[in-house]
Amino acid sequence: MPTPSPNPTETLTPLQGKVALVTGASRGIGAAIARRLARDGARVVVNYSRSLEAAEAVVKDIQQAGGEAGVVQADLSDLAQIRAMVAFALATYGRLDILVNNAAIADFRPLDAIDANHFDSQFALNVRGLLFATQEAVRHFPETGGRVINISSGAAQAASPGASVYSATKAAVETLTRSHAAELGPKGITVNAVSPGLTETEMMRAVITPEVEKAMVGQTALGRVGTPDDIADVVAFVASDAARWITGQAIGANGGLR
Ligand code: NAP
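Residues numbered from 1 in each chain as written. Predicted model: local features only at pLDDT ≥ 70, side-chain atom pairs only at ≥ 80, totals over all residues. Heavy atoms only, no water.

Q: Can you help me understand the overall build of the protein chain in this one?
A: Counting its regular elements, the protein chain contains nine helices and seven strands. For the protein chain, whose C-alpha radius of gyration is 18 Å, the value lies close to the compact-globule estimate of 18 Å for 258 residues. When its C-alpha atoms are laid out on the principal axes, the protein chain stretches across 60 × 45 × 40 Å. For the protein chain, the proportion of its 258 residues judged to be buried stands at 47%. Sequence-distant contacts in the protein chain: of pairs separated by 6 or more residues, those separated by 24 or more amount to 73%. On the protein chain, roughly 12700 Å² of surface is accessible, and the fraction owed to carbon and sulfur atoms is 55%. Seen as two clouds, the 22 positive and the 25 negative side-chain charges of the protein chain have centres 4 Å apart. (Helix = DSSP H or I, 4+ residues; strand = E, 2+ residues; numbered from the N terminus. Rg over C-alpha atoms; globule rule 2.2 N^0.38 Å. Buried < 20%, exposed > 50% of the residue type's maximum accessible area, 1.4 Å probe, protein only. Contact = heavy atoms within 4.5 Å. Areas by Shrake-Rupley, 256 points an atom, 1.4 Å probe, with all protein chains shown as cover. Lys, Arg positive; Asp, Glu negative; His and termini not counted. Charge placed at Lys NZ, Arg CZ, Asp CG, Glu CD.)

Q: When you look at helix α2 (residues 28-39) in this model, what are you seeing that I'm missing?
A: Note: α-helices contain 3.6 residues per turn, so residues at a spacing of three or four share the same orientation. Its 12 residues place the ends of α2 17 Å apart at the C-alpha level, agreeing with the 16 Å of an ideal helix rising 1.5 Å per residue. Counting buried residues in α2 gives nine out of 12 residues, a clear majority hidden from the surface. Buried within α2 we find I29, G30, A31, A32, I33, A34, R36, L37 and A38. Backbone geometry just after α2 places G41 at a positive phi near 105°. (Expected span 1.5 Å × (residues − 1).)

Q: Quick question: what am I supposed to make of the packing of helix α5 (residues 116-138) against helix α6 (residues 164-184) here?
A: Helix-helix packing is characterised by the crossing angle of the two axes and by the distance between the axes. Contact pair α5 / α6: the axes reach a minimum separation of 9 Å and the direction vectors enclose 15°. With respect to each other, α5 and α6 are oriented roughly parallel. In terms of crossing hand, the pair formed by α5 and α6 is right-handed. Across the interface between the two elements, H118, F119, Q122, F123, N126, V127, L130, L131, T134 and V138 from α5 touch V165, Y166, A168, T169, A172, V173, L176, H180 and L184 from α6. Residues that form the contact of α5 with α6 fall into these classes: 13 nonpolar, six polar and no charged. (Axes fitted to C-alpha atoms, helices over the stretch in contact; angles between N-to-C directions. Parallel < 35°, antiparallel > 145°, perpendicular 65-115°, else oblique. Left-handed = near helix turned anticlockwise from the far one by under 90°. Nonpolar A, V, L, I, M, F, W, Y, C, P; charged D, E, K, R; others polar.)

Q: How should I be thinking about the sheet that holds strand β5 (residues 146-151) in this particular structure?
A: Note on sheets: strands pair through backbone hydrogen bonds, and any given pair is parallel or antiparallel. One open sheet holds the seven strands; their spatial order is β3-β2-β1-β4-β5-β6-β7, and the pairing between them is parallel. Only two strands of the sheet have a single neighbouring strand rather than two, namely β3 (69-73) and β7 (250-253). For this sheet the average axis-to-axis angle between neighbouring strands, irrespective of direction, equals 20°. Relative to β3, strand β2 (residues 43-48) runs parallel, the two being bridged by five bridges. Across the sheet, the residue bridging to Y48 is Q73, located in β3. (Pairing = 2+ DSSP bridges.)

Q: For this particular structure, what's the right way to read empty space enclosed by the protein?
A: Leftover empty space is mapped by rolling, across the atoms, a probe with the size of a water molecule. Tallied over the entire structure, the rule returns one cavity of 30 Å³ or more. Reported here for the largest cavity is a volume of approximately 40 Å³. Along its surface, the largest cavity is lined by T23, L76, N101, N102, A103, L125, G129 and L130. Considering each element in turn, the lining of the largest cavity owes the most residues, three residues, to α5. In terms of residue class, the lining of the largest cavity is made up of four nonpolar, four polar and no charged. (1 Å grid on protein atoms, 1.4 Å probe; cavity = no way out; pocket = protein on both sides within 12 Å on 5 of 7 lines; lining within 4 Å. Points joined across faces, edges and corners; volume = space filled by probe spheres on them.)

Q: Explanation requested: the nonpolar core in the structure shown.
A: Side chains of nonpolar character tend, in soluble globular proteins, to be buried together. If you look at the biggest cluster of nonpolar residues, it comprises 32 residues, and the most contacted ones within it are I33, L37, V44 and V100. Secondary-structure elements contributing two or more residues to this core are β1 (19-22), α2, β2, α3 (52-64), β4 (98-101), β5 and α9 (228-239). The residues contacting V44, other than those within four sequence positions of it, are A20, V22, A34, L37, A38, E68, A69, G70 and Y93. A74, V86, Y93 and A181 belong to the second-largest nonpolar core, a separate cluster that totals 24 residues. (Core = buried A, V, L, I, M, F, W, Y, C linked by side-chain atoms within 4.5 Å.)

Q: It is not clear to me how the pairing of β4 should be interpreted in this structure. Could you clarify?
A: Along any regular strand, the residues point their side chains to alternate faces of the sheet. Where burial is concerned, the two faces of β4 agree: the one with I98 and V100 and the one with L99 and N101 are both buried. Looking at chain direction, β1 and β4 are connected through three bridges and run parallel. Opposite L21, over in β4, you have L99 as the bridge partner. Sheet analysis places β4 next to β5, joined by four bridges and oriented parallel.

Okay, here's the thing in structure tokens:
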């Protein structure tokens, strides 16, 4: 029997009909993910906390490319704002299928300089915000299921001096990923983490010195820093139906960082 040829529209827009919410999508990796999911046909909610102009520019890019997107302000370290963000997605697009938990902060300090605020602010966003965004979003996923994609970091596995609290938040993200995958699997929801290595963004420039960058590039197989698009392409695959059998995984997107 001849293999049916793929429907060209489905191939070009595998996320047609889906609605995706991307947290921290005004800049860096989140902005690239928002643009990429929109290119694949999803209607995209672009969340930001402070960078309104940048978030609006992402929405404009998507619209100019023929896609659909809306912008919502929410500081995800605040539970009420998380709820309002999800409510905005539902009120605007009537459904929610994909949550990308990307928003995070990174603050590197040696052990002796760590105080309660350094610890609490990173855990409040990177872990608590991710957990409650997942809780609120999946309550509204369709009965057929959906996708939760958590942006972790190679730091979850690495031993980097000064990065202990940030690394611990990302290790927690990977643990939550496995737990939520087990819990939400029966509802047809897959939960995976994508773990970037060094990626060219404002966050990277703020915390990585040129010496550390050189050393880390030397530890990759492909010999360069990643781009936000390198990460967005992996997220788009995990969001697609082609990744339906993958759940509870932390997928390294790091050029072969050893
Ligand atoms: P980035 O350039 O600093 O961008 C961070 C994004 O998060 C911005 O859109 C920012 O929005 C948003 N954000 C910050 N605080 C927020 C809050 N309280 N509530 C909601 N949104 C908030 O960071 P990035 O490098 O693209 O990192 C994106 C993800 O990749 C993070 O999870 C990070 O840990 C991970 N990662 C990055 C690298 C890297 O080398 N860059 C490596 C591994 C993993 P506003 O500007 O509006 O505040």
